[in-house]
Amino acid sequence: MSGPGVRLHIQDHHVVMDNGIVQVTLSNPGGIVTGIRYNGVDNLLEVLNKESNRGYWDLVWSAPGSKGIFDVIQGTCFKVIVQNEEQVELSFTRMWDPSLEGKFVPLNIDKRFIMIRGSSGFYSYGIYEHLNGWPDFDLSETRITFKLRKDKFQYMAMADNRRRILPYPEDRLPGRCQTLGYAEAVLLTNPRDPQLQGEVDDKYQYSCANMDNRVHGWISFNPPVGFWQVTPSDEFRSGGPLKQNLTSHVGPTTLAMFLSGHYAGQDLVPKIRGGESWKKVFGPVYIYLNSAAVGDDPLWLWEDAKIQMMNEVQSWPYYFPASEDFLKSDQRGNISGRLLVLDKFICTDLISANGAYVGLAPPGDAGSWQRECKDYQFWTRADGNGFFTIRNVRPGDYNLFAWVPGFVGDYKFVDFVKITPGSYTELGELVYEPPRDGPTLWEIGIPDRSAAEFYAPDPNPQYINRLFINHPDRFRQYGLWDRYTELYPDADLVYTVGVSDFRKDWFYAQAPRKKEDNTLQGTTWQIKFEVSGVVQGSTYKLRVAIASATLAELQIRVNDPNAGRPLFTSGLIGRDNSIARLGIHGIYWLYNVSIPGSLLIDGTNTIYFTQPRCTSPFQGIMYDYIRLEGPPCEGI
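What counts, and where the lines are drawn
Residues numbered from 1 in each chain as written. Predicted model: local features only at pLDDT ≥ 70, side-chain atom pairs only at ≥ 80, totals over all residues. Heavy atoms only, no water. Helix = DSSP H or I, 4+ residues; strand = E, 2+ residues; numbered from the N terminus. Buried < 20%, exposed > 50% of the residue type's maximum accessible area, 1.4 Å probe, protein only. Polar contact = N/O pair within 3.5 Å; in protein donor to acceptor, adjacent residues only side chain to side chain. Contact = heavy atoms within 4.5 Å. Pairing = 2+ DSSP bridges. Axes fitted to C-alpha atoms, helices over the stretch in contact; angles between N-to-C directions.

Asker: Looking at this model, I keep getting lost on the side chain of Glu235. Mind explaining?
Answerer: The topology assignment puts Glu235 in the loop between strand E19 (224–230) and strand E20 (244–245). Since its relative accessible area comes to 4%, Glu235 is described here as buried. Of note is the side chain of Glu235, whose polar atom sits 2.8 Å from the side chain of Arg332. Once residues lying within four places of it in the same chain are set aside, the contact partners of Glu235 are Trp316, Arg332, Asp375, Tyr376, Gln377, Phe378, Asn392 and Arg394.

As structure tokens, this is what we get:
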């Protein structure tokens, strides 16, 4: 790269990295980013905040069974790792010893910051290490947070169709807003920008799946400057490609989320137990800065940020981090193969696993990857013919997992996959046989691990975010769960197979009904369907794929809504909180329910889906897909 070399200025209480394009000031030895000078702006970070509340690594941890503690990670030792014309790498460490028990998370933490010649930005990564025999703990969240100047950054972008002017932080204070059903959601009653009056602001409206969470950030119109957080790889983020995380939100705040329980709950909180040793590298992520000439369209900065993001993705794994814990490309391995699907009730031939999600994750049962949160995962999408390649995998023993849009269930390759440095493993053709006992009698929805295809109503006109009007993510409007009672004032949902359309007639979430006295009650949905020639002595199979559940229970009864004991109950499941957090999926569940032919009749049958839990309006179930299979056929 061209441009002046990278310079380092070490002062008593600050360290400055400067490559002539951008200048980054960090506290010494804390390693807090206190200032970012760029394009004539003395500091892009919020100068009204204390220095410790501008750009920082943070975490939430707890001893087992105790309350979480929020910790802005302050280094206690500063060290220059690399210093030359091409690159500077700085280390800010906080080491743990038993005298700190109960005060700090039992981790050695090494925060690294890198600046490269000619680069319009800087990198950061962290190495967390728990040594054998140290105390047990839970790590419920860790991330990098940047708080930008509110007088400059008012336009947020995190997707082509999710970008807009956002409110000022003070618009969320008493007198300017009304808090809604939870603290994160407010109705703007007196915002500084009158155009925003009457809108809902909620940071969860801007969350997205890891696989789509590559670049997000903010634009200042005067001067035209962009501040972008780029995450070039998912390998260090927990929970697989569908795990959702926050991005940018009112503050103006930009987050690099590494670990969180959002849309998952405790399942995605690493629990270090039995004094086990644990080490993980989070990042590097890239903070990219760009600018436009006065008079140019500032929104071009978003287009440029997407191009830079692609450059970063293609450069992964980076060659320049100095820590031996961050493995370079030649220290990693590659794997490829082809995934096919065998479902004889659809086609007697093998079907290409078009667009399958294929990944390597730590060993576990089929589907365990979505709850895995301690180590690394490596995912890709298969092409239209089911061919896949996963590159740059850290050495280790893995299981190969997959799931295929259009089919239920989870695939797991029978053998362990061992990755060694420089290895290239060709697995050949793999065949996934999804759960299937008999022919499809009827189905509701699309098996894609999301409830997005179902009916999300228009929001209450009092609670609108204008961004999501006529938007494919219309489910991100606030308060849609409350509309169920309005749509079904007298009786619960009844879906008639062959007549109803799941896009219009199947509500996106089975949440409690609100009664006239504002108390809540559980709901029972009905699926009505015709059967002729019931085979009394055989078994029918009901497949129920759930896209998300929150402190919910699914009880299934057949033709007798008052049966004291349901044919099936899931028990209490899920802590995803997807209804409140305006998501459309969380943790995936698949239930395979056997229905004896003796429970069915020739003619009209009814299956009752009861969700009885109702202490909160946000309890409930989002369905992915439901299918009834007839008895197994002879000769298939």
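Asker: When you look at the sheet that holds strand E13 (residues 162–165) in this model, what are you seeing that I'm missing?
Answerer: Sheets are built from strands that pair by backbone hydrogen bonding, the pairs being arranged parallel or antiparallel. Spatially, E7-E8-E9-E10-E24-E19-E18-E12-E13 is the arrangement adopted by the nine strands of the open sheet, whose pairing is antiparallel. Looking at strand neighbours, the two that pair on one side only are strand E7 (77–83) and E13, the edges of this open sheet. Each neighbouring strand pair of the sheet contributes to a mean axis angle of 15 degrees, computed without reference to strand direction. Examined bridge by bridge, strand E12 (residues 153–159) and E13 share four bridges and lie antiparallel to one another. Note that in E13 the partner of Ala159 across the bridge is Arg162. Against the sheet, helix H1 (residues 300–314) engages strand E10 (121–130), E12, E13, strand E18 (215–221), E19 and strand E24 (278–291), with an angle of about 145 degrees to E24.

Asker: What's the story with the side chain of Glu89 in this structure? I'm lost.
Answerer: Relative to the helices and strands, Glu89 is located in strand E8 (residues 87–94). Here Tyr125 takes part through its side chain, which lies 2.5 Å from a polar atom of the side chain of Glu89. Those residues in contact with Glu89 that lie beyond four places of it in its chain are Lys79, Val80, Ile81, Val82, Arg112, Phe113, Ile114, Tyr125, Phe320, Pro321, Ala322 and Ser323.

Honestly, that's just the spatial picture; any functional story needs more than this.
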